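# Coordinate analysis (summary)
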Amino acid sequence: GESVGLHLPTLSVQEGDNSIINCAYSNSASDYFIWYKQESGKGPQFIIDIRSNMDKRQGQRVTVLLNKTVKHLSLQIAATQPGDSAVYFCAENPGTGFQKLVFGTGTRLLVSP
Amino acid sequence: EPEVTQTPSHQVTQMGQEVILRCVPISNHLYFYWYRQILGQKVEFLVSFYNNEISEKSEIFDDQFSVERPDGSNFTLKIRSTKLEDSAMYFCASRKHRTDGPEQYFGPGTRLTVT
């Protein structure tokens, strides 16, 4: 089936720490994964993506890791800043033709100065 | 930077009334989507639209829902007879072309409150 879930609903860190947000997915046919950031009152904002033929992808201060063996996805944020405080969703494309996204339940990241 | 826009930002309506939520996708995008997010829950797919027709829809998208692209810029979601459980944030999203990557760009959402 199509199911994307998150282990931790809230993650609290200090400014400057590295943050790791985790996500489990169940559809082995998914070929594409995205991390979105959602600030209060706003729509999801694209952060970084990774295709199923990759294990790791780096962006600016963010890294996404994909472990297909255990169907696990993680988002690492380096030197977390107060502006990173938001809800983070992982989303998967389950391989259907028009690329609908299946979202996880979200993790709230709270960054203390 | 181009962005998806949505109007209104907040819509309050009475149960049984019709509502139309409006979206202006990014201009060179070809795929359009509606999602909803009930307060505190995850974002749920409703419908995708390509080449002037629905390409995929979820179980949520029943006969009370319809979508339309009435001109070259607007993309609308209509709910014919709203129910209390339709109260949610509704997000429009768009995507370029299949070969340009499947990342979808979301608008700021319309908060629909059904009383």
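What you see is a predicted model; the values in this text were computed from it and never measured.

## Let's talk about the pairing of strand 6 (residues 53-57) of chain B
Note: strand 5 (residues 43-50) of chain B against strand 6 of chain B, 4 bridges, orientation antiparallel. In the sheet register, B:Tyr50 faces strand 6 of chain B, and the bridge partner there is B:Glu53.

## Section: unusual backbone geometry
Here B:Thr7 and B:Pro8 are connected by a cis peptide whose omega angle stands at -10 degrees. Within the secondary structure, B:Pro8 sits in the loop between strand 1 (5-7) and strand 2 (10-13). Positive phi, normally seen in glycine, also occurs at A:Arg61, with a value near 65 degrees. By the element assignment, A:Arg61 lies in the loop between strand 6 (56-58) and strand 7 (62-67). Exposure remark for A:Arg61: the relative accessible area of 30% places this residue in the partly exposed category.

## Focus: the sheet that holds strand 1 of chain B
Residue and element names in this part refer to chain B. Pairing within the open sheet is antiparallel, and its 4 strands lie in the order 1-3-8-7. This sheet does not close on itself; its edge strands, each paired only once, are strand 1 and strand 7 (65-68). Adjacent strand axes in the sheet meet at a mean angle of 20 degrees when their direction is disregarded. Where strand 7 lies against strand 8 (residues 75-79), 4 bridges are found, and the strand directions are antiparallel. When the bridges of strand 8 are listed, Glu68 appears paired with Thr76.

## Some details on the environment of A:Ala91
All names here are of chain A. Here Ala91 is to be found in strand 9 (residues 86-93). Along the backbone, Ala91 and Asp49 are 42 residues apart, and their C-alpha atoms lie at a distance of 9.3 Å. What Ala91 contacts, discounting residues up to four positions off in sequence, is Tyr32, Phe33, Ile34, Tyr36, Leu101, Val102 and Phe103.

## Side note on the interface of chain B and chain A
Taken together, the 21 residues of chain B in the interface contact 22 residues of chain A. At the boundary of chain B with chain A, total buried surface from both sides reaches about 1,800 Å², with 59% on carbon and sulfur atoms. The interface formed by chain B and chain A includes 1 salt bridge. In this structure, B:Glu56 and A:Lys100 form a salt bridge, with 3.4 Å as the shortest nitrogen-oxygen distance. Going through the elements one at a time, strand 4 (31-37), strand 5, strand 6 and strand 9 (88-95) of chain B are the ones with two or more residues in the side of chain B that touches chain A. Taken together, the residues of the side of chain B that touches chain A break down into 10 nonpolar, 6 polar and 5 charged.

## Describing the pattern of salt bridges
Residues and elements named next belong to chain A. For the structure on display, the rule yields 6 salt bridges over all chains. Put simply, Asp49 and Arg57 hold a salt bridge, and the shortest N to O gap is 2.1 Å. By relative accessible area, which is 7% here, Asp49 ends up buried. Looking at Arg57, the relative accessible area reads 35%, which means it is partly exposed.

## Here we look at the state of the cysteines
Scanning the entire structure with this criterion turns up 2 disulfides over all chains. Residue pairing for A:Cys23: its cysteine sulfur links by disulfide to A:Cys90, the two sulfurs lying 1.8 Å apart. One disulfide, between A:Cys23 and A:Cys90, carries an S-S torsion of 50 degrees and so falls in the right-handed class. With a gap of 67 residues between them, A:Cys23 in strand 3 (residues 19-25) and A:Cys90 in strand 9 connect regions that are remote in the sequence. A:Cys90 carries the same exposure label as A:Cys23, and that label is buried. Put simply, B:Cys23 and B:Cys92 are joined by a disulfide, and their sulfur atoms are 1.9 Å apart. In this structure the cystine formed by B:Cys23 and B:Cys92 twists about its S-S bond by roughly -65 degrees; its chirality is therefore left-handed. Of this pair, B:Cys23 sits in strand 3 (residues 19-24) while B:Cys92 sits in strand 9; the two residues are 69 residues apart in sequence, bridging distant segments of the chain.

About the thresholds
- Residues numbered from 1 in each chain as written.
- Chains lettered and ligands numbered in written order.
- Predicted model: local features only at pLDDT ≥ 70, side-chain atom pairs only at ≥ 80, totals over all residues.
- Heavy atoms only, no water.
- Pairing = 2+ DSSP bridges.
- Helix = DSSP H or I, 4+ residues; strand = E, 2+ residues; numbered from the N terminus.
- Buried < 20%, exposed > 50% of the residue type's maximum accessible area, 1.4 Å probe, protein only.
- Axes fitted to C-alpha atoms, helices over the stretch in contact; angles between N-to-C directions.
- Contact = heavy atoms within 4.5 Å.
- Buried area = accessible area lost by both parts, 1.4 Å probe.
- Salt bridge = Lys/Arg side-chain N within 4 Å of Asp/Glu carboxyl O.
- Nonpolar A, V, L, I, M, F, W, Y, C, P; charged D, E, K, R; others polar.
- Disulfide = S-S within 2.5 Å.

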